[in-house]
Amino acid sequence: MIRFILKPQESDPTLVFAGEELMAHLEELMVWRKWAAGREEYPVTLMTDPRQFSCRKDAFRYRFTEEEGIIIGNHARSVLLGVYDYLKEIGFLFLKPGREGTRIPVVTDCGQLFREVDTKEASFYHRGVCIEGANSVEHALDFVDWLPKIGCNSFFLQFRKPDVFFERWYEHQNNPLLKKVIKSRRELDEMEESLTRAMGIRGMLDHRMGHGWTGEALGYSNTGWRREDELQEKEMALAAEIDGRRQLFKGIPANTNLCYSHPEVKRRLEELVVTYAREHPNVSYLHFWLADECNNICECDECTATTLSDQYIELLNGIDRRLTEEGLPTKIVFLLYQELLLAPMKEKLKHTDRFCLMFAPISRTFEKSYPRELPSVELPPYERNRFRLPRTLEENLSYYKIWKDKFDGDSFFYDYPLGRAHYGDFGYMKVAKIIYDDIHALKELGADGYISCQELRAGLPTTFPNYVMGESLAREEASYEEIKKSYFSALYGGSSEAVEKYLETLSGYSDMDYFNGHGLRYRPEKEGDFLKIEETAQDFLTQIPYLWEDTKEHEGTRKQLSFHANYCIRLSRALAALCSGKSEEADGLFGEFCSYIREKESDMHSVLDVYRVIEVAVKYTGFHLH
Ligand SMILES: [Zn+2]
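Residues numbered from 1 in each chain as written. Predicted model: local features only at pLDDT ≥ 70, side-chain atom pairs only at ≥ 80, totals over all residues. Heavy atoms only, no water.

Caption draft 1: Spatial organisation of empty space enclosed by the protein. Using the criterion set out here, one finds 7 cavities of 30 Å³ or more in the structure. Taken together, His211, Asn257, Leu290, Ala291, Glu293, Leu308, Leu335, Tyr337, Gln338, Glu339 and Leu340 form the lining of the largest cavity. A class-by-class count of the residues in the lining of the largest cavity yields 6 nonpolar, 3 polar and 2 charged. (1 Å grid on protein atoms, 1.4 Å probe; cavity = no way out; pocket = protein on both sides within 12 Å on 5 of 7 lines; lining within 4 Å. Points joined across faces, edges and corners; volume = space filled by probe spheres on them. Nonpolar A, V, L, I, M, F, W, Y, C, P; charged D, E, K, R; others polar.)

Rendered as C-alpha cells:
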C-alpha cells in the first residue's frame, strides 16, 4: 500500500488527485502489485515547494527508490506533471484523450520502477488549448484530463458560458441523422461546472471569456456568436457608428464593436470585467477582447480622432486601475488580432505585470512555419473600415514586432493549426511538423508559450499533431523524430513504418491553405494532387488486412484507418472537382462525403468533429450543402 504524505497541505486537491493518478496507474502493473503486496507500506511524498526552484515555469523533480518515493514541484500542478512524467519514464504513453488512449507498459522487473530524475523545467510557461468545435461534456472532460498527460498546463473555455460548443454537439448541428437534444440552462451550467472542477483539481491555468464583452455591454447574453434582435433605441448610442448608422454588425453582438469614446461604454466594460474577476477567483487569465469581426469600428468624430488600439489601451488601463483598487490579482490577456494588430500611436499600458499579450495570426499560411527571427516588412497604410488582414506570416509578424517594441511583458501566441487548416492535411503529418517548427521558433520571437484554438476532437487519422504540441511545449529538446517514433510504434506496432509512410504521402499531396479558403478556388493545377490522395487511400484500403490481423486487439486500428481512407477518398474527389471549376459536381461529391461521415458519426465521434469539418468546408473551402 502507498502511504501518501502531502505537503504543505494534506488537503490540497491537486496533490490528492496527483496521488490518485499515481496509484491508479501503478495498479495497472502486475509487477507493482506483487512488489507492493510484500510490504506493509510504501511512503510517497508529494510536495509543493517553490523555494526549491528558481523559475516561474512548471518544474519538478522526483526519486523513487525501494524505500520511498518523492515528487517535489514548484506548484501542485507541477507535482501532477511530475507524476505523469514518472509514468512516462517507466513506459506509460498517453496517446490520445480517454482511457483507451493510455498504453500500459510491460514491466517485468520491479527495479525498472525505481527512478531518479533531477529538475525538469517546462520549456514554456503557457501551454494549452482553447475550446472550439462541437463537444459533449465527456469529450471536453477527456481532453482536459489528457492535457497534463502530454505536458500542458492551461485550458481556455471561451465566453461567459461556453454553451455554443455544447449545443453544437447535443443538437447535432450539421448532422440531421442524429437526434437533436436541447439542453436546459441548468444542464449547461452543470457541464461548465464539471469542467471548472476538472481544471481546478489539476491546478491548471484557467483562461476565460475572450470575445463577447461588447455584446454584453449592449445587454445581450455572452454565450457564443448567436444572432440577436436589433438594438434597443436606448442602447444605440453605444454601438459603433458605421456609414452614419449604429446597429449590430450583421446581427451578431459578439462581432459588434462599440463607440469606445462614449463614457458609458467605458464604464460598462470596466464594470463587467471587474465584476467577473471578483466573482471568479479561479480564473487566472481573463481575456478582454473586442469584436470578432473587422471593419466595423466607430466612425464618430471622437473615435476617428484616435486609433482602435489606443482606445483599447485606455480601456485596459481603466480595467487595471479598478482591479488594483479592489486588490484583485487576475491577469488580463489582450489580443493582437484584426485591427488591433496595429500598435497604438500614443497610449501605453501602465502596469506591465497585470497584462499578457496574445498574438493571433489567424490569416497566416499553414504551409510554412514561423520564421526564426522577427521580420520587418512594409505594412500597407491603414484606412478605417477598409482593413485587409495580413496574408503572409511576415506581414503578420511585422505587426507583432511593432507591438512588442511597446510592451515587454508576458506574452504567448494563439494559433489555429487544428482549428480549420488541419482538415486540408489528409495525413496530419504536415500540420504536426508545422506545429513542431512553430513552437521551436517561439523563443526567438519573444513569446513564452502557445495556446491552440482548436477542435478538441482532432484525431483523424491520429492525434499526433496535438501530441507533438504538448510534448514539445513541455520539452523543446525532444526531437521531432524521437516523438514521432515513440507515438507511431506505440499506436501501430510492427506496421508503424508503413502507416507513417502512407500518412506522409497523403500529407505531401495536401494543401492546408486551399482547404482554409486562401487563394482562388479555381486551381486546375491542384487536381492531380487531389486525385493522388484518392488513389493513395484506395491503395491503402486494400493493404489494411495484411498490416494487422483481424483480431479484437487490432479492431480499433483497422476500423479507424478504414474510415479515414474512405473519408479521404470522398473528400479529395470533391476537392479535385472544386479546383477544376466543376462546382456543381464538387457539391454533389461533397454531399456524398457528408452522408458518409454523418452515417459513421456515432462510431467515430471521438476522433472527428463532423459539425466542424462540414462548417469549414462550407464557410471557407467553397462547397455548398444542398
Ligand atoms: Zn465613436
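What follows picks up the thread again.
Caption draft 2: Representation of the pattern of salt bridges. Applying the stated criterion to the full structure yields 56 salt bridges. Linking Arg56 and Asp410 is a salt bridge whose minimum nitrogen-to-oxygen distance equals 2.8 Å. Note that Arg56 is positioned in the loop between strand S2 (42-48) and strand S3 (59-64) and Asp410 in strand S16 (residues 410-415), a separation of 354 residues in sequence. We classify Arg56 as partly exposed; its relative accessible area is 41%. For Asp410, a relative accessible area of 18% puts it in the buried group. Where Lys552 meets Glu555, a salt bridge forms, and the shortest distance between an N and an O atom there is 3.4 Å. (Salt bridge = Lys/Arg side-chain N within 4 Å of Asp/Glu carboxyl O. Helix = DSSP H or I, 4+ residues; strand = E, 2+ residues; numbered from the N terminus. Buried < 20%, exposed > 50% of the residue type's maximum accessible area, 1.4 Å probe, protein only.)

Caption draft 3: Structural view of the sheet that holds strand S4 (residues 69-73). Read from one edge to the other, the open sheet built from 5 strands follows the order S1-S2-S4-S3-S7, with strand pairing classed as mixed. Each edge of the sheet is formed by a strand with only one pairing partner; in this case those strands are strand S1 (2-7) and strand S7 (116-121). Between one strand axis and the next, the sheet turns by 10 degrees as a mean value, whatever way the strands run. Bridge count for S3 against S7 is 4 bridges, and the pairing is antiparallel. Looking at S7, one finds that Ala59 is bridged to Glu121. Sitting on the sheet, helix H1 (residues 13-26) touches S1, S2 and S3, and the angle it makes with S1 is about 155 degrees. (Pairing = 2+ DSSP bridges. Axes fitted to C-alpha atoms, helices over the stretch in contact; angles between N-to-C directions. Contact = heavy atoms within 4.5 Å.)

Caption draft 4: Highlighting the sheet that holds strand S10 (residues 205-210). Spatially, the 8 strands close up into a barrel ordered S8-S9-S10-S13-S14-S15-S16-S17, and their pairing is parallel. Going from strand to strand, the sheet's axes swing by 25 degrees on average, the running direction of each strand aside. The pairing of strand S8 (residues 126-132) with strand S17 (residues 449-455) spans 7 bridges and is parallel. In the sheet register, Arg127 faces S17, and the bridge partner there is Tyr450.

Caption draft 5: Seen up close, H1. The end-to-end C-alpha distance of H1 is 20 Å, a good match for the 20 Å that 14 residues give at a rise of 1.5 Å each. Where burial is concerned, most of H1 is hidden: 10 out of the 14 residues are buried. Those residues of H1 that fall on the buried side of the exposure criterion are Thr14, Leu15, Phe17, Ala18, Gly19, Glu21, Leu22, Met23, His25 and Leu26. At the N-terminal end of H1, a side-chain oxygen is found 2.9 Å from the backbone nitrogen of Thr14, two or three residues along, and the residue is Asp12. (Expected span 1.5 Å × (residues − 1). Polar contact = N/O pair within 3.5 Å; in protein donor to acceptor, adjacent residues only side chain to side chain.)

Caption draft 6: Molecular detail of the side chain of Lys484. Its place among the elements puts Lys484 in helix H14 (residues 480-492). Owing to a relative accessible area of 6%, Lys484 belongs among the buried residues under this scheme. Here Lys484 is in contact with Met429, Phe464, Glu500 and Glu504, once residues within four sequence places are set aside.

Caption draft 7: Structural view of the nonpolar core. Counting residues in each nonpolar core, the largest one holds 123 residues, and the members touching the most others are Phe155, Phe464, Tyr567 and Ile597. When residues in this core are grouped by element, the largest group, 13 residues, is from helix H18 (residues 552-579). Apart from the residues lying within four places of it in its own chain, the contact partners of Phe155 are Val129, Ile131, Phe143, Val144, Leu147, Met199, Met204, Leu205, Asp206, His207 and Leu456. Grouped together as the second largest cluster of nonpolar side chains are 85 residues, Met209, Leu316, Tyr414 and Tyr428 included. (Core = buried A, V, L, I, M, F, W, Y, C linked by side-chain atoms within 4.5 Å.)

Fair warning: the whole summary comes from geometry, so function is off the table for now.
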